[in-house]
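Structural overview for review
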Amino acid sequence: MGKAAETVVLAVNGQRYEAAGVDPSTTLLEFLRTQTPVRGPKLGCGEGGCGACVILVSKYDPATDEVTEFSASSCLTLLCSVDRCSVTTSEGIGNTRDGYHPVQQRLSGFHASQCGFCTPGMCMSIFSALVKAEKAANRPAPPAGFSKLTASEAERAVSGNLCRCTGYRPIVDACKSFAADVDLEDLGLNCFWKKGDEPADVSKLPGYNTGAVCTFPEFLKSEIKSSLQQANGAPVAVNDVGWYHPKSIEELHRLFDSNWFHESSVKIVASNTGSGVYKEHDLYDRYIDIKGIPELSVINRNSKGIELGSVVSISKAIEVLSDGNMVFRKIANHLNKVASPFVRNTATIGGNIIMAQRLPFASDIATVLLAAGSTVTIQVASKRLCLTLEEFLQQPPCDSRTLLLSIFIPDWGSDGITFETFRAAPRPFGNAVSYVNSAFLARTSVDEASGEHLIDDICLAFGAYGVDHAIRARKVEDYLKGKSVSSSVILEAVRLLKNTVSPSEGATHPEYRISLAVSFLFSFVSSLANSSSASAKIDTPIGSYTNGTTNGSTEYSLEKHLKVDSNDLPIRSRQEMVFTEEYKPVGKPIKKVGAELQASGEAVYVDDIPAPKDCLYGAFIYSTHPHAHVKGIKFKSSLASQKVVTVITAKDIPSGGENVGSGFLMLGDGDEVLFADPVAEFAGQNIGVVIAETQKYAYMAAKQAVIEYSTESLQPPILTIEDAIQHNSYFQTPPFLAPKPVGDYNKGMSEADHKILSAEVKLESQYYFYMETQVALAIPDEDNCITIYSSTQIPELTQSVVARCLGIPCHNVRVITRRVGGGFGGKAMKGIHVACACAVAAFKLRHPVRMYVDRKTDMIITGGRHPMKAKYSVGFKSDGKITALHLDLGLNAGIALDLSPLIPAHTIGTLKKYNWGALAFDIKVCKTNLSSKSTMRAPGDVQGSFIAEAIIEHVASALSVDTNTIRRKNLHDFESLAVFYGESAGEASTYSLVSMFDNLASSPDYQRRAAMVEHFNSSNKWKKHGISCVPITYEVQLRPTPGKVSIMNDGSIAVEVGGVEIGQGLWTKVKQTAAFGLGHLCPDGGECLLDKVRIVQADTLSMIQGGFTGGSTTSETSCEAVRQSCAALVERLKPFKESLEAKAGTVEWSALIAQASIASVNLSAQAYWTPDPTFKSYLNYGAAISEVEVDVLTGATTILRSDLVYDCGQSLNPAVDLGQVEGAFVQGVGFFTNEEYATNSDGMVIHDGTWTYKIPTVDTIPKQFNVQLINSAPDKKRVLSSKASGEPPLLLASSVHCAMREAIRAARKEFSVCTGPANSAMTFQMDVPATMPVVKELCGLDVVERYLESVSAAGPTTAKA
Ligand SMILES: Cc1cc2nc3c(=O)[nH]c(=O)nc-3n(C[C@H](O)[C@H](O)[C@H](O)COP(=O)(O)OP(=O)(O)OC[C@H]3O[C@@H](n4cnc5c(N)ncnc54)[C@H](O)[C@@H]3O)c2cc1C
Ligand code: FES
Ligand code: FES
């Protein structure tokens, strides 16, 4: 059992807490969330990778009377390590009671919070950046209302915080509003000034005053001072507690020598962030915190170099090194890309090096320090050794008693020294480990005889490429020493390097990693050539190329290309929209309901509900086998397994209940079981739930489960679309959902001049990455009833499946959902499993049971988007007009029917945006032994739209014409639109796509930019630009939806709707509609009612037939149901009002309601809105131009600019719709470029955390992000003439993919790369996602060699390409 630590004293938001006898493995996050009322810090990942748990830690030094503050991830910080510290959370900087902090108010006012789950963490990252800037030395006082933060610091402040909803742009604006050097006019849509109409002025922003928040309370300072006097040198006791804090190395050794020190149960920690990298599988009994040993914190700087004690944090090291010469500064620059600000603030240099020494860890720090010739001092028993870092890394992994004391980095001066560091990672700044990192140091001199520059000495360090630790490429170094650089010398060095850098077996993308190492070496050595010999110029990527952008403006010119990394470009934006007053306050861009509450952390999500008495916690045990009998579950003997209370399996389902986890009868008989029984049918299937007394114990115990399997008499699993086709393993699509072909395919083909036959394109899956993982809390009640708080998009279906599972009537099951921390479709079917599992456990144990699924399990069990494989044959005329298309589409649906029957119609629905002449298809919904795939934002739609683009591009490259010409040629006219879409096409006047596309793609601006791209590409070898314009069409369905409006007798209004607030702004639009609807009773049309409306949480026993929240139309239909309810109330109240007014003159709202209440007027009305049978669906349109820069050497893509135009109809709330458009686009960018939801050969998800799964961060969004919302044609048949905005804009992100293809095409042309089935530079298929390795492979893994060979062949003095 874990030993209790001694009492920990800390202040949380100024309040004193004393934690006695805590388990020493308790994290600060766990303590805050379970032992204090604080709920702002959230658990998003538990591995330092998302920022949801960020808090501010303040330390007080009684000697100097100074307080230092820094942000930290509370999920990795151990509670005992913050003894005598002060912790500030988002509630601590502002809250409902004391007033909100300007950070919270500005995040709300800039519309920067949607689901709100990330927002408290964002607040704390911004707040700590402000605190840091205020304390930075030598900064002038900022103008009133601003801080000392700079705009570029503001952008980086949230670089480690993930947000899946907003697309980051508004968060950046909120953050930049504090920067003294910002031009406020550049900031986006906000509630503080009416953009375009009113001047931006800092006085309109919620005022910011430095130091308004006390980060360290006086009482704790006094306590620290007095405890210091008492303790005065008392040595650490070797007693039976769980947390030791030695003050010297001798004390540490005494602890080592004590008889309880066992490597397996005692952990030595500095800041414990390593547990975010290498997850713990068992609990530890005792911890030894080495940060109190003064010797380990030294920072010594002299003429020989800089010595850093091992527990110096990375942030501190950056600060120290930034103030040094070139080598130090470049190291600091590289360290700034390691992890994120809140990890760097605590993570130590020594912890990193020890991890690099002991484990196969892709350390950046070891690589850069290796190249800089660093040495380390270690202590082994009583011996102190000084080794080179290289020697240390090469030793066998050191044991846990080896202590790293310090690291010494020599001062290289600057004479003849060149030093560079490189890293290629999926995100440039935002928390991503590199595929390869490297650092190179060279000393060069001039040979007096020949006048040539020679490499006297060189050090080449490479790491992270699938090697245990960083290495020096000695052979290459030896070869280069004494040489003067020429293309042939570099070529030979490259050949030698390729024999040195050899990724170990199992490393992903080995060829790519080798090519990166080559690229880095080439970049560095060629830069030496250029700095040394004017006669032997090589076109080097360092310093000689310009990577400018067409950012933003009409005055763009090549001359303006900046000599900066395009990743460093500031984020700029523009929003244009139409505001209408017709239905006001509907149509106003009011801020999101509850945004401040979300920012302060007071908004309650399911895991924030205080634990009921005797609450137990669950964690899933899932199969790791794709098809096997489950013979039994055991637990390894471990500290964690001692925490198991019980295990719930299929056997615990009550009699009369069913083993059902989800199912939707309307789509066919395809229930998915809750627990595998007796056969596990896919890796990731739930087998049972471990129940324990805390959530952490449940998580840890589940990791100790060992499942016994048998594959006897079972068929091998079917995992891929190809396997499924071979075995005829399909689900049927009910005829009413099957898409319909158009025209006569054979006839169309016979009319074609050209044909492309059986070309293929593939799209992989995508994970939802909602910031709040699946969660439910089940509370058993009297008489076989149960209440379930569930983070679900479909409370109604959750209720009925739970009822089936427990064998009780639906009226016994109350499902309550207040808000969902991001859904994106993932909190539909899969959320039901979690609710059912909690319900079964709660029913059996007669205890409340909560399950907050950990990120890894969530990623393994939830399925995600459908992977697809499309094979197409297309016929077209010589002028590009397509005459026929046939599509063979395989979609991998996984094990259960889920919502998969909907996917074919959605896929074909968006594919039909072009007039294919005739369209035929064969769609196979494949049943496989994978976790069932479900609907994810724009399900099938995004794939269909992309497949259409892939075909169009193929046709364009086959004809060697511009892709936009083919797009334009094949866009529908209204006549063909009606043929393809039937009634959904609506009126001809509403078909806005063609003019939208023409306005973008045929505009002079586009033509000019396309010419600039061409110009750029002809003058830059190693970076290529691409630009593309993509149209989209998206059909949405209107579904019946209930709404209820109740007016309390004080005039306040409670509204219930079927839809759930998942961050999409439903409550905000509903609130506006309620005010508008009842506004017929108010002289101002309802604006005065806005503050009186409260939307009440979804409750299945209060509001029935709530249906689904999904498909983009829930907001508008909920609004319509509310409007109808309001109309009924107005009908009742209007005559009453008139009669009152006839007697007493004007009657105010409150008086009216009070009188109506006394007169027993029914003040509650409910409506169940059903769509007009002739108008059940409509089409949405949009178009986007994206311009990208592809780094030919690394495969990295920077989105330079995206311009989105989206027809939003008469927007119900333009701020909400803008947020949906931007957020969906960025989520789509993730799908198309970076998010690899990889599985192993058993189909088990292996990209199962923030470490491997990379959603966009603030550094990967477009550098210029412009959005225009248009209202092309009013249509009264739509709800208040509005249109949907939740899903369609996600499709616009394919413009990025298409632009990348254009850039890659330029690279292939440049280097004559003809890989792929077409064996052509111009025609190639680029699957989804187009990750860095994919892009690099298409650009040519061997471009460096190709280039060097061509230059060498041209002769040594004519090397310039
Ligand atoms: C989200 C995230 C992203 C990251 N990204 C990167 C990245 O991009 N590049 C990169 O290089 N690193 C990255 N890291 C790793 C990070 O740098 C290390 O986790 C950190 O430096 C470890 O320091 P720590 O003080 O927290 O060590 P701890 O977690 O406390 O310790 C780590 C290990 O080292 C041992 N140890 C610590 N100090 C000593 C010592 N002085 N002597 C002997 N043993 C010791 C501990 O016993 C433990 O085994 C990332 C980490 C996280 C959490
Ligand atoms: S929960 Fe701590 S960083 Fe994600
Ligand atoms: S608002 Fe950021 S994750 Fe939802």
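Remember, it's a predicted structure, so these values are computed and weren't measured experimentally.

Thresholds, definitions, all that
Residues numbered from 1 in each chain as written. Chains lettered and ligands numbered in written order. Predicted model: local features only at pLDDT ≥ 70, side-chain atom pairs only at ≥ 80, totals over all residues. Heavy atoms only, no water. Near = heavy atom within 4 Å. Polar contact = N/O pair within 3.5 Å; in protein donor to acceptor, adjacent residues only side chain to side chain. Areas by Shrake-Rupley, 256 points an atom, 1.4 Å probe, with all protein chains shown as cover. Helix = DSSP H or I, 4+ residues; strand = E, 2+ residues; numbered from the N terminus. Nonpolar A, V, L, I, M, F, W, Y, C, P; charged D, E, K, R; others polar. Buried < 20%, exposed > 50% of the residue type's maximum accessible area, 1.4 Å probe, protein only. 1 Å grid on protein atoms, 1.4 Å probe; cavity = no way out; pocket = protein on both sides within 12 Å on 5 of 7 lines; lining within 4 Å. Points joined across faces, edges and corners; volume = space filled by probe spheres on them. Pairing = 2+ DSSP bridges.

1. Some thoughts on the site of ligand 1
The local shell around ligand 1 holds 35 residues, among which I268, T273, G274, T348 and D364 are the closest. Interatomic distance of 2.8 Å between a backbone N/O atom of N272 and an oxygen atom of ligand 1. Within the side chain of T348, one N or O atom sits 2.6 Å away from an oxygen atom of ligand 1. In isolation ligand 1 has 970 Å² of accessible area, and contact with the protein removes 96% of it. Broken down by secondary-structure element, the contributors of at least two residues to the shell around ligand 1 are β7 (266-269), α9 (274-277), α13 (349-358), α14 (364-371) and β13 (403-410). Here the element with the most residues in the shell around ligand 1 is α13; it accounts for five residues. For the shell around ligand 1, a count of residues per class yields 19 nonpolar, 12 polar and four charged.

2. Quick word on unusual backbone geometry
The residue after K584, namely P585, is reached through a cis peptide bond having omega 10 degrees. Mapping P585 onto the fold places it in the loop between β18 (572-576) and α19 (595-600). Cis geometry marks the peptide bond from D677 to P678, where omega comes out at 0 degrees. Relative to the helices and strands, P678 resides in the loop between β21 (646-648) and β22 (679-680). The backbone of S1112 sits at a positive phi, close to 75 degrees, despite the residue not being glycine. Relative to the elements of secondary structure, S1112 occurs in the loop between β38 (1098-1099) and α33 (1114-1144). According to the relative accessible area criterion, S1112 is buried, its value standing at 15%. The residue S1281 is not glycine, and still its phi comes out positive at about 65 degrees. Mapped onto the secondary structure, S1281 falls in the loop between β42 (1264-1270) and α36 (1294-1311).

3. Side note on empty space enclosed by the protein
Evaluated as defined, the whole model comprises 10 cavities of 30 Å³ or more. A volume near 140 Å³ is recorded for the largest cavity. Together, 20 residues line the largest cavity, and H111, Q114, A1215, V1216 and G1219 are the ones closest to its centre. Elements that contribute at least two residues to the lining of the largest cavity include exactly α6 (169-176) and α35 (1214-1234).

4. Observations concerning the sheet that holds strand β6 (residues 243-244)
Strand order across the open sheet formed by three strands is β6-β8-β7, with parallel pairing between neighbours. Where the open sheet ends on each side, the last strands, each with one partner, are β6 and β7. Across four bridges, β7 lies against strand β8 (residues 286-289) in parallel orientation. When the sheet's bridge partners are listed, V266 is paired in β8 with R286.

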